[in-house]
Each structure stands twice: as C-alpha cells, then as structure tokens.
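Structure assessment
Listed here are the chains, written in short residue letters.
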Amino acid sequence: MQFPQFKYDFEYSIIDIGEHIKIAYRDEGEGENTLLFIHGLSSYIPAWNKLIPELSKKNRCIAIDLPGYGKSSQGIFSGSVNYYNSIIFRFIKKMKLENVTLVGHSMGGHLAMALALAYPDAIKSLILIAPAGLETFTEKEKEWILENSNPNFYYSAGDEQIINAFKSNFFDMPDDVWQMINDRIDMRGYPNFMDYCHIISNSLKGLLDEPVNKYLNKITQPSLIFFGRNDKWIPNKYLHKELTTEDIANIGRNMIPKSKVIMLDNCGHFIPYESPEVIIKEIEDFLTK
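My aim in this report is to walk through the structure given alongside it, one point at a time. (Residues numbered from 1 in each chain as written. Predicted model: local features only at pLDDT ≥ 70, side-chain atom pairs only at ≥ 80, totals over all residues. Heavy atoms only, no water.)

**Re the pattern of salt bridges**
The line we're drawing: Any carboxyl oxygen of Asp or Glu within 4 Å of a side-chain nitrogen of Lys or Arg constitutes a salt bridge here. Runs of E in the DSSP output that reach at least two residues are strands. Runs of H or I that reach at least four are helices, and both are numbered from the N terminus. Buried residues are those whose accessible area, probed at 1.4 Å on protein chains only, stays under 20% of the maximum for their type, while exposed residues exceed 50% and partly exposed ones sit between those limits.
Evaluated as defined, the whole model comprises twelve salt bridges. Between Glu19 and Arg90 there is a salt bridge, and its shortest N-O distance comes to 3.5 Å. Pair noted here: Glu19 is in the loop between strand 1 (13-18) and strand 2 (21-28) and Arg90 is in helix 2 (residues 81-94), with a separation of 71 residues, a long-range link. Residue classification places Glu19 among the exposed positions, given a relative accessible area of 63%. Note that Asp27 is salt-bridged to Arg60, the shortest N-O span being 2.7 Å. Of this pair, Asp27 sits in strand 2 while Arg60 sits in strand 4 (residues 60-64), and the two are 33 residues apart along the sequence. You can call Arg60 partly exposed: its relative accessible area is 23%.

**So, the side chain of Ser259**
Heads up, the rule is: Two residues form a contact once any of their heavy atoms are found within 4.5 Å.
Along the chain, Ser259 falls in strand 8 (residues 259-264). Other than its neighbours up to four places away in sequence, Ser259 contacts Ser223, Ile225, Gly252 and Arg253.

**A word on the packing of helix 6 (residues 159-167) against helix 7 (residues 178-187)**
Put simply, the rule reads: As a rule, the C-alpha atoms of each element are fitted with a line to give its axis, helices using only the stretch in contact, and angles between N-to-C directions run from 0 to 180 degrees. Left-handed describes a crossing in which the near helix is turned anticlockwise from the far one by less than a right angle; the clockwise case is right-handed. When residue character is reported, Ala, Val, Leu, Ile, Met, Phe, Trp, Tyr, Cys and Pro are called nonpolar, Asp, Glu, Lys and Arg charged, and the others, Gly included, polar.
At a minimum axis separation of 10 Å, helix 6 and helix 7 run at an interaxial angle of 145 degrees. Taken as a pair, helix 6 and helix 7 cross one another with a handedness that is right-handed. Contact with helix 6, carried on its side by Asp159, Ile162, Ile163 and Phe166, involves Trp178, Met180, Ile181, Arg184 and Ile185 of helix 7 and no other residues of that element. Of the residues contributing to the contact of helix 6 with helix 7, the split by class is seven nonpolar, no polar and two charged.

**Here's the deal with the sheet that holds strand 1**
Cut-off, in case you're wondering: Paired strands, as defined in this entry, are two strands with at least two bridges between them according to DSSP.
Ordered in space as 1-2-4-3-5-6-7-8, the eight strands form an open sheet in which the pairing is mixed. This sheet does not close on itself; its edge strands, each paired only once, are strand 1 and strand 8. Taken over all neighbouring pairs, the strand axes of this sheet differ in orientation by 20 degrees on average, direction set aside. Here strand 2 runs beside strand 4; their pairing, made up of four bridges, is antiparallel. Bridged to Glu28 within strand 4 is Cys61. In this fold helix 11 (residues 276-288) packs onto strand 3 (34-38), strand 5 (100-105), strand 6 (125-129), strand 7 (223-228) and strand 8, with an angle of close to 165 degrees to the strand it touches most, strand 7.

In structure tokens:
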C-alpha cells in the first residue's frame, strides 16, 4: 500500500488483480448503471466524496486509487496511459463489471477516453470532467512541461506552494478541501513519498507521450463533458495564452461524435468539489437518456 497512513472516512476494499498489483476501491450503491470513477494527477479516491453519496442512491459507484496513489500498490510505476488502462481493464474484468460508465477527472478523463478507444465493448459511456487530452502540445512544449515537473519539483514543494497549488484548482475553494491539503502536506513525512513524486512525473509524461486528441472522432460512446469557465489548468496558461477553456471544450464538442458539453460559470478545474450539485443533476439526466 502506497500510503497506509491515510485515513479514509468511508469503507474501502482492496482487490488483487494479478501481477503483484492491488487496487483500493470504494464500492457503494446498486443499479443498472455502474459508474467507475478515475481520479486525476496527484489525486485519490476522496476526490469523489461529494458525488458518490448522492449518485450511489440509484447507481453502483466504484472509485479506485491507481497504482502508486492512495491505498493501492506501492512503488514506482510507468505511469503510461497504456499501463494504467491495462490496470483499469483488469480491474473491470476481475470485478465482473457490466454497463460501465467511466467518470474521469483531469488525467482520469484522458485515461477514460483512451480506455473507451482501446476496449469499446467494455465501456458504455463517458463522463469527462475537465479532461486532459483535448489540448495538444508540440515536442518543445512537452520538453518544457517535463523539465518543470520533475520528481524533485514535487518533493521540494513547501506548505505555501502546496496550498497555492490547491487553490489554483478552484474559482472559490471550499473549506472542506483542507482535508486533502493536509493529506498532501503530511505525505512529505511518509516513507514512500519520493516514489509518489516519481509516479506524478511519470503519469504526466504518459499523458504527453500518448495523446488521444487525433482519435477523438473514433469514440463511439455517448460522452458528457464538463468544464469550468474559470479553469486555471486547462488550457496551459503559460504555453497557450491565446486559448480559452471553452476553446478546449469545443474540441471535444466538435470531435467526439455523441458528445454534450456543459460549461460551468464561477467554477475552476476541480469541478467535483466546487460544483457537485450541478454535476450530479446532469449525470443523472445523462444516464436516464
């Protein structure tokens, strides 16, 4: 387990999916639909705390920690899109999940799109929340991003830098985000912290090395896409100053055949915590159509 020190305030289980990988997951509710939640970069299962209690009233909701994150297997993993998607697909098969709708935030959105392309028969629909993968980068831009996001960068971040990084995910940060901030600050004293820093860097490299943008028109599943108009992370504000978040959202709208885009006012990147009520209502409408 990467971080046994974390105290999750919900019941969770751990399943061995083979090849020395164990996945921690939260499993609540039942219904015709199975929502499989995939977290973003440097995140974990608690990122879905504001969605699962309500959505699990009518659906089965399962949220996982990817290997190297939260309470799943410890160590340094490749972080490639293909690697993580092979893990998620093995989890789906091991759990014998059917009627799967992937719910991916940020990095998780990129993984969800790639998974839907790789295993179309296993995925019923997509819910993409501020997804990475729609924005594209040149080789020089990729080099710049990786140079400024190496493991030592994450390892050396102090309290103020961590707090500001969290704040940048929101238009107006809710107070209950502090539990996640404190987890991130405490993490620095844990034995596996440097491994985790490598995982974040590897995961970011995986996203850059395995883009999905040019394959978006091959996504056959109905897709619901959310973006906050005040997202400070998408598009990249240093490299693509001329683009707006709505420009990126429109890439999804125009390229994914069966897609619907919802833009949220007064909302940043961490939509599941900042605008949960809107997301819940839209997801429930989407699942009933």
